[in-house]
Amino acid sequence: MAEMRADPNQKHFLRNAEFDADFSNLPADLDKEFRDFLISSITAEFSGCVLYAEMKRRAKNADMRELFGFMSRDEARHAGFINDTLKDFGIAVDLGFLTKAKKYTFFQPKFIFYATYLSEKIGYARYITIYRQLERYPERAFHPIFNWFEKWCNDEFRHARPLRC
Ligand SMILES: [Fe+2]
Ligand SMILES: [Fe+2]
């Protein structure tokens, strides 16, 4: 909790001048894959943001409320950072359906915690795998957003940190 409160990535998600470059000439297949990647990523990040905000709102335990508030904060930041790149590509993703009032399905908290834990692990693996791969082949890093993934995955790691007993 102290680490979440300290917010080590608070200043991380700021764009630099590299993002101003022209990315309109990517090969067509790479361009399509990158767009799909950004859209699936922002959907996952924003889903986390909405879910955690809801869990914060509904939880009665003060620690749980605080924890899910921090996690929602991080995912909002991740989604916002991806959204800036989507805007550069002229893509507006409507994620409003995620926040619309809908019929609730009840799950026991343990299932939500476990599904959340797994999706955070997957998120961590996804970002760090891409980062490490591009570290090996820097000439393939065609967009600056990949340079943000190392510290980014630290957030996801924190979100699914195993309990030490
Ligand atoms: Fe995230
Ligand atoms: Fe996360």
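Refer to the structure above for everything that follows.
Summarised in this report is the structure supplied together with it. Remember, predicted model here, so these are calculated numbers, not experimental data.

**Thoughts on helix α5 (residues 149-159)**
Reasoning step 1: The set of residues buried in α5 consists of Phe149, Trp152, Cys153, Asp155, Glu156, Arg158 and His159.
Reasoning step 2: On the buried face of α5, the contacting elements are α1 (2-6), α2 (28-58), α3 (62-88) and α4 (109-136).

**Some points on α3**
Reasoning step 1: Over its 27 residues, α3 extends 40 Å from the first C-alpha to the last, a length consistent with the 39 Å expected when each residue adds 1.5 Å.
Reasoning step 2: Of the residues that open α3, the one with a side-chain oxygen 2.8 Å from the backbone nitrogen of Asp63 is Asn61.
Reasoning step 3: Phi turns positive one or two residues past the end of α3, at Gly90, with a value near 70°.

**Considerations on the state of the cysteines**
Reasoning step 1: Under the defined criterion, the tally for this structure stands at zero disulfides.
Reasoning step 2: The closest cysteine sulfur to the non-disulfide-bonded Cys49 is located on Cys153, 20 Å from its own sulfur.
Reasoning step 3: Looking at Cys49, the relative accessible area reads 12%, which means it is buried.
Reasoning step 4: Overall, Cys153 belongs to the buried group, its relative accessible area being 2%.

**What to know about the coordination of the iron ion (ligand 2)**
Reasoning step 1: Taken together, Glu75 (OE), Glu120 (OE), Glu120 (OE), Glu156 (OE) and His159 (ND1) make up the full set of protein donors to the iron ion (ligand 2), lying 1.9 to 2.6 Å away.
Reasoning step 2: Site description for the iron ion (ligand 2): donor spacing in sequence, E-x44-E-x35-E-x2-H.
Reasoning step 3: Between the iron ion (ligand 2) and the iron ion (ligand 1), both coordinated by Glu75, there is a metal-metal distance of 3.6 Å. Separated by 81 residues along the polypeptide, Glu75 in helix α3 and Glu156 in helix α5 bring together distant segments of the chain.
Reasoning step 4: By relative accessible area, which is 3% here, Glu75 ends up buried.

**Considering the packing of α2 against α3**
Reasoning step 1: In the contact formed by α2 and α3, the axes pass within 8 Å of each other and the chain directions differ by 155°. Between α2 and α3, the crossing angle belongs to the class labelled roughly antiparallel. By crossing handedness, the relation of α2 to α3 is classed as left-handed.

**Here's the deal with the nonpolar core**
Reasoning step 1: Membership of the largest hydrophobic core comes to 26 residues, with the highest contact counts inside it found for Phe34, Leu38, Phe81, Ile82, Ile145, Phe149 and Trp152.
Reasoning step 2: Ignoring sequence-local partners within four residues, the contact set of Trp152 consists of Asn9, His12, Phe13, Glu45, His78, Phe81, Ile82, Tyr127 and Ile145.
Reasoning step 3: Met4, Tyr52, Phe70 and Met71 belong to the second largest nonpolar core, which has six residues in total.

So, how was this worked out
Residues numbered from 1 in each chain as written. Chains lettered and ligands numbered in written order. Predicted model: local features only at pLDDT ≥ 70, side-chain atom pairs only at ≥ 80, totals over all residues. Heavy atoms only, no water. Buried < 20%, exposed > 50% of the residue type's maximum accessible area, 1.4 Å probe, protein only. Helix = DSSP H or I, 4+ residues; strand = E, 2+ residues; numbered from the N terminus. Contact = heavy atoms within 4.5 Å. Expected span 1.5 Å × (residues − 1). Polar contact = N/O pair within 3.5 Å; in protein donor to acceptor, adjacent residues only side chain to side chain. Disulfide = S-S within 2.5 Å. Donors = N, O, S within 2.8 Å, 3.2 Å for Na, K, Ca; no water. Axes fitted to C-alpha atoms, helices over the stretch in contact; angles between N-to-C directions. Parallel < 35°, antiparallel > 145°, perpendicular 65-115°, else oblique. Left-handed = near helix turned anticlockwise from the far one by under 90°. Core = buried A, V, L, I, M, F, W, Y, C linked by side-chain atoms within 4.5 Å.

No statement about biological role is implied by the geometric values presented.
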